[in-house]
Amino acid sequence: MKMTFKAFAKNLFGAKYERLQRSIFIYLIVFWGLYITDWKVQIAPFIRYLMLGTFTAGVMWQALCSEDHASKMQNMFMLPFDNQKFVISYIAALGSYTILTKTAALIAVLLAVSNWKPIELFGYAVCVINAVLMTAAVYSLKKYWYADILWTGAVVAGILLFGNEVWITPLLIVNGIFAAIRLLTTDGYIFYSQEGRKSHRVKQHRRYSVWRYFFRYLSSHKNYLANTVVMWCVALVLPHFLGQMESLFVVPLGFAILTLNTPICILLSCDPDLEQAIRFLPGQKKAFCMPYCLFIFSCNMAANIIFLCSWLMKNGSVTGWMILTAVFFALQSAVLSVLLEWFYPVRDWKIESDLWHHPRKYAVPAIMLMAAGMIGTFPVLMQGLMLLLAVEIVLCLIFPKTLS
């Protein structure tokens, strides 16, 4: 079992566990940098548990669903193995990767900005371990999705109702033990998903279409579509929180938040074969990047339209300036995302979760947040600048030879 765990761990952390060392070092710097600012936020215990559990479960689910990692498991299945030891090693490796390289960042931020007691660290550990075990158990029960929904709903309801009580930790321990028992009786082959590797008959077309590729890719990656739907839900509820603020900064702030749709902005990074083909074939810079920019713009604009409709129902008015701002933020973030993918694609990643949580995902939203702040500070100047940039981008889209 030790050798099996090392095989999985070295694939995730590196041959000498260099990724783990780098991550811990960065998180210690983040913790210390926030701690010395002495900035504190009051966070209820049940909110902390819910944040840690939800975040850990999401990252663990992405790791379990990773097609790239599943392909590496195929070599493991060619060798004789003990089913129980294999499952324990696999879940332990993925769980360690999830907690130490992803959840540790959230824990560092929580410990730095909130008041806490040493005993609470034990509760945090129980919460994240329970999330890892339960997510793996739920994944093994995919065929019984109704049971998964009931189980997940019961745990979330328990945290919401009793998260502030001292005995929430024993409840999570019991739930984790139940999930571990389920995993001990699970067939290891369940964790090898071949859904994305099956061959499908594709209808032949006389002409190529990059848009057709986008829709096929999204249809075969349901988690990408789910993330887009989540952003649409965020767009629906944002006006209810932002509408109470009286500032020109509010509406652009909402548009900046909605640019945080990572999956549609990493299509080149997550498919190295596609990137190699685009860079190798002549004329692909214009043939791919222009439709890709319009595709991201369409997704961003759809979220912005939902935001404006919700704002209209909540606050009663939508001005032409707000519509122009929505178009500008959707178009500008699309252009910046494509430029990042073309000039700075993410490489040397192990599983898809590394792409979803790469620090580069915050680059474009951070720029858009700064633009929103400048609009609130210098409204007249920024309106003129937005018009100039929008005209320039539209001209580049109409006359793409300028980009060649």
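Everything quoted here is computed from the prediction, not taken from an experiment.

Undergrad: Help me get a handle on the overall build of the chain, residues and values and all.
TA: Counting its regular elements, the chain contains 17 helices and zero strands. Carbon and sulfur atoms make up 70% of the accessible area of the chain, which totals about 22,200 Å².

Undergrad: Requested: an account of the pattern of salt bridges, with residues and values cited.
TA: Evaluated as defined, the whole model comprises one salt bridge. Among the salt bridges present, the one from Arg48 reaches Glu120, with a minimum N-O distance of 2.7 Å. Placement of Arg48 in helix α3 (residues 45-65) and of Glu120 in helix α6 (residues 118-140) is noted, with a sequence separation of 72 residues between them. Of the residues examined, Glu120 reaches a relative accessible area of 23% and is grouped as partly exposed.

Undergrad: Residue-level account of the packing of α3 against helix α7 (residues 145-162), with values.
TA: A pair of packed helices is captured by two measures, namely the crossing angle of their axes and the spacing between those axes. α7 packs onto α3 with a crossing angle of 155° between their chain directions and a minimal axis gap of 8 Å. In terms of axis orientation, α3 runs roughly antiparallel to α7. Contacts between α3 and α7 pair Phe46, Tyr49 and Leu50 from the former with Val156, Ile159 and Leu160 from the latter. Looking at the contact of α3 with α7 residue by residue, the class counts come to six nonpolar, no polar and no charged.

Undergrad: Can you tell me about a nonpolar patch on the surface, naming the residues and giving the values?
TA: A cluster of nonpolar side chains, contributed by Val156, Leu160, Leu161, Phe162, Val166, Trp167 and Leu171, occupies part of the molecular surface with about 670 Å² of accessible area. Looking at which element gives the most residues to the nonpolar patch, the answer is α7, with four residues. Here Leu160 is to be found in helix α7.

Undergrad: Talk me through the nonpolar core; I want residue IDs and the actual numbers.
TA: Counting 54 residues, the largest nonpolar core has Phe288, Tyr292, Phe295, Ile296, Phe307 and Phe329 as its most contacted members. Elements represented by at least two residues in this core include exactly α9 (210-220), α10 (222-242), α11 (250-257), α12 (272-280), α13 (284-315), α14 (320-343) and α16 (363-377). Sort the elements by how many residues they give to this core and α13 lands first, with 13 residues. When residues no more than four places from it in sequence are discounted, the contact partners of Tyr292 are Phe214, Ile264, Cys265, Ile266, Leu267, Val338 and Glu341. Counting 42 residues, the second largest nonpolar core, distinct from the first, contains Met60, Val87, Tyr97 and Val132.

Undergrad: I'd like a description of the packing of aromatic side chains, backed by residues and values.
TA: Overall, the coordinates contain 15 aromatic pairs when judged by the stated rule. Taking the centre distance of 5.2 Å and the plane angle of 65° together, the rings of Phe255 and Phe307 count as edge-to-face. Residue Phe255 is found in helix α11, and its partner Phe307 is found in helix α13; the two are separated by 52 residues along the sequence. When sorted by exposure, Phe255 lands in the same class as Phe307, which is buried.

Undergrad: For the packing of α11 against α14, give the residues involved together with the corresponding values.
TA: Running from N to C, α11 and α14 cross one another at 30°; their axes reach a closest spacing of 10 Å. One element, α11, and the other, α14, form an angle in the roughly parallel class. α14 is crossed by α11, and the crossing has right-handed handedness. Contacts between α11 and α14 pair Val251, Pro252, Phe255 and Ala256 from the former with Met322, Thr325, Ala326 and Phe329 from the latter.

Undergrad: If you had to explain the side chain of Ser23 to someone new, which residues and values would you point to?
TA: Residue position: Ser23 is located in helix α2 (residues 18-35). Relative accessible area serves as the criterion here: at 15%, Ser23 is assigned to the buried category.

Undergrad: Let's hear about the confidence of the model for the chain: which residues, and what values?
TA: Predicted confidence across the chain gives a mean pLDDT of 79, with 81% of residues reaching 70 or more. When the criterion is pLDDT under 50, residues 195-200 qualifies, and its contacts beyond four places in sequence or with other chains add up to six contacts.

Undergrad: A description of the environment of Thr152 should follow, citing residues and the corresponding values.
TA: Secondary-structure assignment places Thr152 in helix α7. For Thr152 and Thr135, which are 17 residues apart along the polypeptide, the C-alpha to C-alpha distance reads 9.1 Å. What Thr152 contacts, discounting residues up to four positions off in sequence, is Met134 and Val138.

Undergrad: Tell me about helix α8 (residues 168-184), and name the residues and values.
TA: With 17 residues, α8 extends 25 Å between its outermost C-alpha atoms, agreeing within 8% with the 24 Å of an ideal straight helix rising 1.5 Å per residue. Taken as a whole, α8 has its buried residues at Ile168, Thr169, Leu172, Asn175, Gly176, Ala179 and Leu183. For α8, the angular spread of the buried residues around the axis is 125°, confining them to a single face. Of the residues in α8, the exposed ones pointing more than 90 degrees away from the buried face are Val174, Phe178 and Ile181. Turning to α8, the residues buried within the fold contact α3, α5 (83-113), α6 and α7.

Undergrad: Could you give an account of α7, naming the residues involved and the relevant values?
TA: Taking 1.5 Å of rise per residue, 18 residues should cover 26 Å, and α7 covers 25 Å from first to last C-alpha, within 8% of that figure. All of the buried residues along α7 are Asp148, Trp151, Val155, Gly158 and Ile159. Down the axis, α7 shows its buried residues gathered within 100° of arc, on one side only. Turned more than 90 degrees away from the buried face of α7, the exposed residues are Trp145, Ile149, Leu150 and Leu161. Where the residues of α7 are buried, they touch α3, α6 and α8.

Undergrad: So what about the environment of Phe191? Which residues, and what values?
TA: When you line up the elements, Phe191 lands in the loop between α8 and α9. Along the primary structure Phe191 and Ile91 are separated by 100 residues, whereas in three dimensions their C-alpha atoms are 9.6 Å apart.

Here is what the cut-offs are and how they apply
- Residues numbered from 1 in each chain as written.
- Predicted model: local features only at pLDDT ≥ 70, side-chain atom pairs only at ≥ 80, totals over all residues.
- Heavy atoms only, no water.
- Helix = DSSP H or I, 4+ residues; strand = E, 2+ residues; numbered from the N terminus.
- Areas by Shrake-Rupley, 256 points an atom, 1.4 Å probe, with all protein chains shown as cover.
- Salt bridge = Lys/Arg side-chain N within 4 Å of Asp/Glu carboxyl O.
- Buried < 20%, exposed > 50% of the residue type's maximum accessible area, 1.4 Å probe, protein only.
- Axes fitted to C-alpha atoms, helices over the stretch in contact; angles between N-to-C directions.
- Parallel < 35°, antiparallel > 145°, perpendicular 65-115°, else oblique.
- Contact = heavy atoms within 4.5 Å.
- Nonpolar A, V, L, I, M, F, W, Y, C, P; charged D, E, K, R; others polar.
- Patch = residues over 30% accessible without salt bridge, like charges linked within 9 Å, V, L, I, M, F, W, Y side chains within 5 Å.
- Core = buried A, V, L, I, M, F, W, Y, C linked by side-chain atoms within 4.5 Å.
- Phe/Tyr/Trp six-rings, centres within 6.5 Å; stacked < 30°, edge-to-face > 60°.
- Left-handed = near helix turned anticlockwise from the far one by under 90°.
- pLDDT = per-residue confidence, 0-100.
- Expected span 1.5 Å × (residues − 1).
- Arc of directions from axis to C-beta.

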